[in-house]
Amino acid sequence: MAQVELLKVIAGNTLTLDLQVLDRNKEPVTDLVGATGVFQIREECGSELVIESIAEIDPPTASVQITVPKEQTTPLLPDGAMRKFYKYGTRIEYSDGSTRTILTGRLMVTCGVVE
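To start, this report covers the structure provided alongside it. Predicted model only: the values in this text are computed from it and were never measured. (Residues numbered from 1 in each chain as written. Predicted model: local features only at pLDDT ≥ 70, side-chain atom pairs only at ≥ 80, totals over all residues. Heavy atoms only, no water.)

**Some thoughts on the pairing of strand β3 (residues 36-42)**
For β3, a buried count of 5 out of 7 residues is recorded, marking the element as mostly surrounded by other parts of the structure. Here 7 bridges tie β3 to strand β6 (residues 83-93), and the two strands are oriented antiparallel to one another. Within β6, the residue paired with glutamine 40 across the bridge is glycine 89. Of the strand pairs in this sheet, β3 and strand β4 (residues 49-58) are connected by 6 bridges, and their pairing is antiparallel. By the bridge assignment, phenylalanine 39 is partnered in β4 with serine 53. (Buried < 20%, exposed > 50% of the residue type's maximum accessible area, 1.4 Å probe, protein only. Helix = DSSP H or I, 4+ residues; strand = E, 2+ residues; numbered from the N terminus. Pairing = 2+ DSSP bridges.)

Next up, the structure:
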């Protein structure tokens, strides 16, 4: 089952996620060779894609790194808004074609004090 979290980012900041893919026994998975990963942000489940970022996967450590640059987080907050919520998900596709969503939830984008 995917882990569900509320992520927060200030518009104009880089969003970086460092994850580790674990099995049901909380051990790093060992079958990530040839796997690919994707992180997507949408306004609602099934709505138009807002941002997609390809995950970097390190099979020996079962680590997944996702980076969304500041240029992509800036337009997530409409002018004059204090915050806006989105849905996000991170999915791994294994070399055998099977998929697993490892992280999903809500993304809260807020305005920053420092400009």
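Once the structure has been displayed, the description carries forward.
**A word on the pairing of β6**
Sheet analysis places β6 next to strand β7 (residues 99-110), joined by 11 bridges and oriented antiparallel. Pairing of arginine 91 across the sheet is with threonine 101, part of β7. Counting the residues in the hairpin turn of β6 and β7 gives 5 residues, including glycine 97, whose phi is positive at 95°.

**Describing the environment of cysteine 111**
As for its position among the elements, cysteine 111 is in the segment after β7. The class for cysteine 111 is partly exposed, based on a relative accessible area of 32%. Linking cysteine 111 and methionine 82, residues 29 residues apart in sequence, is a C-alpha distance of 5.4 Å. If sequence neighbours within four positions are ignored, cysteine 111 has contacts with Ile10, Leu77, Ala81 and Met82. (Contact = heavy atoms within 4.5 Å.)

**Thoughts on unusual backbone geometry**
Of note in the backbone geometry, lysine 26 takes a positive phi value of approximately 65° without being a glycine. Looking at where lysine 26 falls in the secondary structure, it is placed in the loop between β2 (15-20) and β3. Given the relative accessible area of 64%, lysine 26 is considered exposed. Positive phi, close to 60°, is recorded for alanine 62, a residue that is not glycine.

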